[in-house]
Amino acid sequence: MDITTKGVSIKLSGKEIVHEASIRVRGGQMVGLFGPNGSGKSTLLKSIYRVLKPQAGEILFDDIPLEQIPRQETAKKLAVVTQFTTLNFEFKVSEIVLMGRSPHKKLLDKDTPEDFRIVRECLEKVNMLGLSDRKFSTLSGGEKQRVLLARALAQETSVLVLDEPTNHLDIKYQLQTMEIIRNLNKGVLLALHDLNMAFRYCDYVFIMKDGRVEAHGKPEDIIDEALIRNVYEVESRIYENPVTHLPSIAFLP
Ligand code: ADP
Ligand code: MG
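Residues numbered from 1 in each chain as written. Chains lettered and ligands numbered in written order. Predicted model: local features only at pLDDT ≥ 70, side-chain atom pairs only at ≥ 80, totals over all residues. Heavy atoms only, no water.

Considerations on the site of ligand 1
In the vicinity of ligand 1, the contacting residues are L12, S13, I17, P36, N37, G38, S39, G40, K41, S42 and T43. Between ligand 1 and G38 there is a distance of 2.7 Å, counted from an oxygen atom to a backbone nitrogen or oxygen. Residue T43 places a side-chain N or O atom 2.5 Å away from an oxygen atom belonging to ligand 1. Considered on its own, ligand 1 offers 570 Å² of accessible surface; in the complex 61% of this is hidden by protein. Sorting elements by how many residues they give to the shell around ligand 1 places helix α1 (residues 41-48) first, with 3 residues. Taken together, the residues of the shell around ligand 1 break down into 3 nonpolar, 7 polar and 1 charged. (Near = heavy atom within 4 Å. Polar contact = N/O pair within 3.5 Å; in protein donor to acceptor, adjacent residues only side chain to side chain. Areas by Shrake-Rupley, 256 points an atom, 1.4 Å probe, with all protein chains shown as cover. Helix = DSSP H or I, 4+ residues; strand = E, 2+ residues; numbered from the N terminus. Nonpolar A, V, L, I, M, F, W, Y, C, P; charged D, E, K, R; others polar.)

See below:
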């Protein structure tokens, strides 16, 4: 499934936070959304996962305008991992992941062996199977993040939207999370902080500044010192990393 926003503008408290943003995620692509703090990434993502309604522009899932798709259908097509999920109910880890199955069920449907199999599989993918019975509220930030990723995977959607999914994670789980996400074979749209991640993981990137899409393209085609200066207001040098052989950004004081 493709996701497209066309000229999306979003106002909050009378202020335009996103201005005519047009982005596209093609089926199977890993697409990064970059930009400084406050540039509108989370706000644009919220309009795609239907928490905010744009004042102008349109959002399409394939060729269908989002508002023509019933909410439960949206949840079968698109799963979300947000930045600050405050799920502090006394649910067990496995119960949280099982919630990911609910878009596939009617109200009183029972959980099936298939549901439990999917839950186990998804917990295994994020390396959390061993903590299935723990209370979610007792987990560390990074562990919570991985459980929420497992819940999104259990939704079995064709697209995944993630808002800074590696924020609370230490290096090992940052890399593990990015590897899991990249190997999903589904469309992924993720807001990310670290531009170096673009070279390593993204097929395509959109760079936001002050609510606008300032640049877009393949990371190696568009991320250069001038773009970084313009968008982030810092000097940098891009060099070939001698170990990974990928482009790498050194930020200068
Ligand atoms: P990013 O995710 O790129 O850091 P956000 O989309 O979270 O940026 O925020 C963009 C801007 O919108 C910020 O300046 C933020 O303060 C502002 N903003 C976010 N939510 C609201 C709101 N409910 N009312 C007014 N301004 C908001
Ligand atoms: Mg954000």
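Text resumes after the structure shown.
Notes on the side chain of R50
Tracing the sequence through the fold places R50 in the loop between α1 and β4 (56-61). Despite its burial, R50 pairs with no opposite charge; the closest candidate is E67, at 6.4 Å N-O. For R50, the contacting residues outside a window of four places in its chain are L66, E67, I69, P70, R71 and T74. (Buried < 20%, exposed > 50% of the residue type's maximum accessible area, 1.4 Å probe, protein only. Lys, Arg positive; Asp, Glu negative; His and termini not counted. Salt bridge = Lys/Arg side-chain N within 4 Å of Asp/Glu carboxyl O. Contact = heavy atoms within 4.5 Å.)

A few points about the pattern of salt bridges
Considering all chains together, one arrives at 10 salt bridges under this definition. For D133, the salt bridge goes to K92, with nearest N and O atoms at 3.5 Å. One end of the pair, D133, is in the loop between α4 (113-125) and α5 (141-154); the other, K92, is in the loop between β6 (78-81) and α3 (93-99), and 41 residues separate them in sequence. Relative accessible area serves as the criterion here: at 58%, D133 is assigned to the exposed category. Residue classification places K92 among the partly exposed positions, given a relative accessible area of 27%. For K105, the salt bridge identified is with D115, shortest N-O distance 2.2 Å.

Digging into the sheet that holds strand β8 (residues 187-191)
Sheets are built from strands that pair by backbone hydrogen bonding, the pairs being arranged parallel or antiparallel. Taken together, the 6 strands give an open sheet; going across it, the order is β6-β7-β8-β3-β9-β10, and neighbouring strands pair in mixed fashion. Edge positions in the sheet fall to β6 and β10 (212-217), since each has one partner strand and no second. If you compare each strand with its neighbour and ignore which way they point, the axes differ by 15° on average. Here β6 pairs with strand β7 (residues 159-163) via 4 bridges, running parallel. (Pairing = 2+ DSSP bridges. Axes fitted to C-alpha atoms, helices over the stretch in contact; angles between N-to-C directions.)

Remarks on the packing of aromatic side chains
Applying the stated criterion across every chain yields a total of 1 aromatic pair. Look at Y204 and F206: their rings are 5.3 Å apart centre to centre, the planes differ by 55°, and that puts the pair in the tilted class. Its end group placed over the ring of Y173, R146 keeps NZ or CZ at 3.6 Å from the ring centre. (Phe/Tyr/Trp six-rings, centres within 6.5 Å; stacked < 30°, edge-to-face > 60°. Lys NZ or Arg CZ within 6 Å of the ring centre and 35° of its normal.)

So, the packing of α5 against helix α6 (residues 171-182)
Running from amino to carboxyl end, α5 crosses α6 at an angle of 5°, the nearest separation of the two axes being 12 Å. As far as their axial angle goes, α6 and α5 are roughly parallel. From α5, R146, L149 and L153 reach across to α6, where they touch Y173, Q176, T177 and I180. Grouping the constituent residues of the contact of α5 with α6 by class yields 4 nonpolar, 2 polar and 1 charged. (Parallel < 35°, antiparallel > 145°, perpendicular 65-115°, else oblique.)

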